[in-house]
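# Per-entry structural report
The lines below spell out each chain.
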Amino acid sequence: QVQLVESGGGLVQAGGSLRLSCVVSGRTFSRLAWFRQAPGKEREFVATITWSGGSTDYADSVKGRFTISGDNAKNTLYLQMNSLKPEDTAVYYCAARSYGTHYRAVYDYAYWGQGTQVTVSS
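Please read these numbers as outputs of a predicted model, since none were measured by experiment. (Residues numbered from 1 in each chain as written. Predicted model: local features only at pLDDT ≥ 70, side-chain atom pairs only at ≥ 80, totals over all residues. Heavy atoms only, no water.)

## Quick word on the sheet that holds strand β7 (residues 66–71)
Quick reminder of the rule: Should DSSP find at least two bridges between two strands, the strands are regarded as paired. Put simply, DSSP H or I for four residues or longer makes a helix, DSSP E for two residues or longer makes a strand, and each gets a number counted from the N terminus. Note on geometry: axes are C-alpha line fits, over the in-contact stretch for helices, and angles between N-to-C directions span 0 to 180 degrees.
As summarised here, the arrangement of the 4 strands in space is β1-β3-β8-β7, forming an open sheet in which the pairing is antiparallel. The sheet is open, and its two borders are formed by β1 (3–7) and β7, each paired with just one other strand. When strand polarity is set aside, the average angle formed by the axes of neighbouring strands in this sheet is 15 degrees. Examined bridge by bridge, strand β3 (residues 18–25) and strand β8 (residues 76–81) share 6 bridges and lie antiparallel to one another. Each residue of the ladder has a partner; that of leucine 18, found in β8, is methionine 81.

## As for the packing of aromatic side chains
Spelled out, the test is: In this analysis, rings of Phe, Tyr and Trp, with Trp reduced to its six-membered ring, are considered paired at centre separations within 6.5 Å, and the interplanar angle assigns stacked below 30 degrees, edge-to-face beyond 60, and tilted for intermediate values. Buried, partly exposed and exposed residues are distinguished by accessible area as a fraction of the type maximum, computed with a 1.4 Å probe on protein chains only: under 20%, between the cut-offs, and over 50%, respectively. Any Lys NZ or Arg CZ that is within 6 Å of a ring centre and within 35 degrees of that ring's normal is treated as a charge sitting over the ring.
If you walk through the whole model with that rule in mind, you get 7 aromatic pairs. Ring geometry for phenylalanine 35 against tryptophan 112: centres 5.1 Å apart, planes inclined by 65 degrees, an arrangement best described as edge-to-face. Separated by 77 residues along the polypeptide, phenylalanine 35 in strand β4 (residues 31–37) and tryptophan 112 in strand β10 (residues 111–112) bring together distant segments of the chain. A relative accessible area of 0% places phenylalanine 35 in the buried class. In textbook terms, an aromatic cluster arises when at least three aromatic residues are bridged by ring pairs, as seen for Phe35, Phe45, Tyr93, Tyr103, Tyr109 and Trp112. Residue placement shows arginine 43 over the ring face of tryptophan 112; its charged tip is 4.9 Å from the ring centre.

## Quick word on the pairing of β1
Burial of β1 is one-sided: the residues Leu4 and Glu6 facing one way are buried, the residues Gln3, Val5 and Ser7 facing the other way are not. By the bridge criterion, 5 bridges tie β1 to β3 in an arrangement that is antiparallel. Of the residues in β3, the one forming a bridge with valine 5 is valine 23.

## So, the environment of threonine 119
Selection rule: The contact criterion used is simple: two residues touch if any of their non-hydrogen atoms lie within 4.5 Å.
Note that threonine 119 resides in strand β11 (residues 116–121). On the basis of relative accessible area, threonine 119 is assigned to the partly exposed category, the value being 28%. Sequence spacing of threonine 119 and tryptophan 51 is 68 residues, and the spatial spacing of their C-alpha atoms is 28 Å. Excluding its chain neighbours within four sequence positions, the residues that come into contact with threonine 119 are Gly10, Leu11, Val12 and Thr89.

## A look at the pattern of salt bridges
Put simply, the rule is: The salt bridge definition used is simple: a Lys or Arg side-chain nitrogen within 4 Å of an Asp or Glu carboxyl oxygen.
Scanning the model with the defined rule gives 5 salt bridges in all. Glutamate 44 serves as the salt-bridge partner of arginine 36, at 2.6 Å between the closest nitrogen and oxygen. Among the salt bridges present, the one from lysine 63 reaches aspartate 60, with a minimum N-O distance of 3.4 Å. Of the residues examined, lysine 63 reaches a relative accessible area of 48% and is grouped as partly exposed. For aspartate 60, a relative accessible area of 66% gives the class exposed.

Encoded structure:
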């Protein structure tokens, strides 16, 4: 059974940092990603990484502030978030998939975690 379990969310002041974790179990995936969804908005791409080679890509809105990484030995995906802004407030989701070319759309991923809330106060 595939499971993606996020943790690490919370309340932080603007300019602060948080690190999200996502433990992946049940199978091996070629690509993992973080998405987020703010109230009243669609779920949007944040960052992605290839599990074998570590190739990464980021949304323009987080580039230079967020870092995605993975620990193969622990089957854990991370998202280090620095210089947080109130507009980063959202539920953050971990996502995984086994194959495909494109990777920025929700429908590119077959497996999802339950999400973890990140709230940034001004």
